[in-house]
Amino acid sequence: MPQPVVALKIDVDTYVGTRDGVPVLLDLLARHAARGTFYFCLGPDHTGRALRRIFTHKGFLQKALRSGAPGAYGLKTMLYGVLLPGPVIYQKCGEIMRQTEQQGHEAGIHAWDHTNWHDFLLKSDLGFVKSELGQAAKGFKQVFDRLTTTTAAPGWTVSPDSLALQDQMGLSYCSDSRGSHPFYPVMNGQRFSTLQIPTTLPTADELLGRDGLTPDDLPEYYLQQLKPGLNVLTIHTELEGGVIRSSFSRLLELLQQNTIPCISLAEARAQILDAPACQLSMGMIAGRSLPVALQGDEVAA
Ligand SMILES: [Zn+2]
């Protein structure tokens, strides 16, 4: 039986999460000899516009309050794109972004405008995907002076158009989905050539409040959930690098004590020699108010 390994996917959703949360996580990861992949939003922070979901999605307000969104994001962030102009993150936080790579982590693209992608991708055409990923790729190049090799869609929201564009970008792999093991996606009958490394574990914001779990319970909970081989955990700078940082610090400590490596997705990718083709479709999971990309059955070659 192979030993469990945790690949850490770090979603950076906001300006404040980049400015304040990334340095906190860099410090925690360094202290526990852990590595991860930081997925950055490069463009304007329009988090406040997510509030419109209160009116369009049942369960959004309940989830926002249960996960402590106003506390996690801060009042100012909740107003970006509504009453305040959204700061363009790559123009303000380039130095912090570069530090992730300088300290041995991997960096990739989460989005240009996180809120836009999450809210409009499924109603949009290829032009929208090209505009959002194109602007993100330009911002990324400005900061890192190279092209990205990986992307991870906001809210695990994908479409055949977004997968097709990822293929055109010649990426090494993407992490847009939820599932159990790496695979090549087949969506609406179309096969795609970019490897998906799905998130295998539930996120903190999905777990908190469910079954009475508190931040203090999360480290032990995660340890018990680990399977032999590759596990992928998604964290958010706004939570694990903010209000629940001590819980995340304890998790890193437990992994270290149990000699379970915590690695970047690039390191995990390097160990994947081949993978099956699997169905990919948008569907609901516990703890989220919007559908996510779900790995389905294997498809014969
Ligand atoms: Zn995100």
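Further up the page is the structure itself.
All values derive from a computational prediction rather than experimental measurement.

Asks: Where do I start with the packing of aromatic side chains in this structure?
Replies: Each pair of aromatic rings is reported with the distance of its centres and the angle of its planes. Applying the stated criterion across every chain yields a total of six aromatic pairs. Connected via pairs of aromatic rings, a cluster forms that spans F38, F40, F140 and F144. Across the ring face of F144, the terminal group of R146 is positioned such that the distance to the ring centre comes to 5.9 Å. In this structure, R178 is placed above the aromatic ring of W156, and the distance from its NZ or CZ to the ring centre is 4.4 Å.

Asks: Explain the pattern of salt bridges to me, please; I cannot follow it from the model alone.
Replies: Side chains that carry opposite charge are capable of pairing whenever their charged atoms lie near each other. Here the structure, examined in full by the defined rule, presents 10 salt bridges. D27 is paired through a salt bridge with R31; the nearest N and O atoms lie 3.0 Å apart. Highlighted residues: D27 and R31, both in helix α1 (residues 15-31), separated by four residues, approximately one helical turn. For R31, a relative accessible area of 53% gives the class exposed. We note a salt bridge from D205 to R288, for which the minimum N-O separation is 3.1 Å. Of this pair, D205 sits in helix α9 (residues 204-207) while R288 sits in the loop between β10 (277-283) and β11 (292-299), and the two are 83 residues apart along the sequence. Owing to a relative accessible area of 9%, D205 belongs among the buried residues under this scheme.

Calculation criteria
Residues numbered from 1 in each chain as written. Predicted model: local features only at pLDDT ≥ 70, side-chain atom pairs only at ≥ 80, totals over all residues. Heavy atoms only, no water. Phe/Tyr/Trp six-rings, centres within 6.5 Å; stacked < 30°, edge-to-face > 60°. Lys NZ or Arg CZ within 6 Å of the ring centre and 35° of its normal. Salt bridge = Lys/Arg side-chain N within 4 Å of Asp/Glu carboxyl O. Helix = DSSP H or I, 4+ residues; strand = E, 2+ residues; numbered from the N terminus. Buried < 20%, exposed > 50% of the residue type's maximum accessible area, 1.4 Å probe, protein only.

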